[in-house]
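Take a look at the letters that make up each chain.
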Amino acid sequence: MDINGGNGYNNKGGGRRVVAGTTDFYRRLPSEMTESTKVGVMMSLLSIATMVVLFLCETWAFSRTRIRSSVEIDTNVEASIRLDFNFTLYD
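Just so we're clear, the structure is a prediction, and the values are computed from it rather than from any experiment.

### Notes on the overall build of the protein chain
Scanning the protein chain for helices and strands turns up two helices and zero strands. Each of the 91 residues in the protein chain was classed as buried or not, and the buried ones make up 5%. Carbon and sulfur atoms provide 59% of the accessible area of the protein chain, an area that totals close to 9900 Å².

So this is what it looks like as structure tokens:
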């Protein structure tokens, strides 16, 4: 039911307007503080579409990763390596 007491549908294809007008992502705010516009609805739908595309792309990239391991020989020419250990013992 719309604010004029009707069902929101008219003979001129107003059903789409009702669906687009009810696409509200800020339902927690009082209706006096919000105003639904076509640009706002399009921006909200565009942002949701962008989030869905990003989610799918990131999920696809995560699922196609492969684990690689390699072993390389150290070519260090020094004969010895100095290692220092610092121990502190408490009684």
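### Description of the pattern of salt bridges
Summed over all chains, the structure comprises one salt bridge. Across the pair Arg82 and Asp84 runs a salt bridge whose closest N-O atoms are separated by 3.3 Å. Given a relative accessible area of 70%, Arg82 falls into the exposed group.

### Concerning a nonpolar patch on the surface
A surface patch of nonpolar side chains, about 500 Å² in accessible area, is lined by Ile48, Met51, Val52, Phe55 and Leu56. Residue classification places Leu56 among the exposed residues on the basis of a relative accessible area of 53%.

### Some remarks on the packing of aromatic side chains
Inspection of every chain in the model, using the stated rule, returns one aromatic pair. Where Phe85 meets Phe87, the ring centres are 6.2 Å apart and the plane angle is 20°; that geometry is what we call stacked. Geometry around Trp60 places Arg64 over its ring, the cationic atom sitting 4.5 Å from the centre.

Rules and cut-offs
Residues numbered from 1 in each chain as written. Predicted model: local features only at pLDDT ≥ 70, side-chain atom pairs only at ≥ 80, totals over all residues. Heavy atoms only, no water. Helix = DSSP H or I, 4+ residues; strand = E, 2+ residues; numbered from the N terminus. Buried < 20%, exposed > 50% of the residue type's maximum accessible area, 1.4 Å probe, protein only. Areas by Shrake-Rupley, 256 points an atom, 1.4 Å probe, with all protein chains shown as cover. Salt bridge = Lys/Arg side-chain N within 4 Å of Asp/Glu carboxyl O. Patch = residues over 30% accessible without salt bridge, like charges linked within 9 Å, V, L, I, M, F, W, Y side chains within 5 Å. Phe/Tyr/Trp six-rings, centres within 6.5 Å; stacked < 30°, edge-to-face > 60°. Lys NZ or Arg CZ within 6 Å of the ring centre and 35° of its normal.

In short, the description is geometric, and any link to function would need to be established separately.
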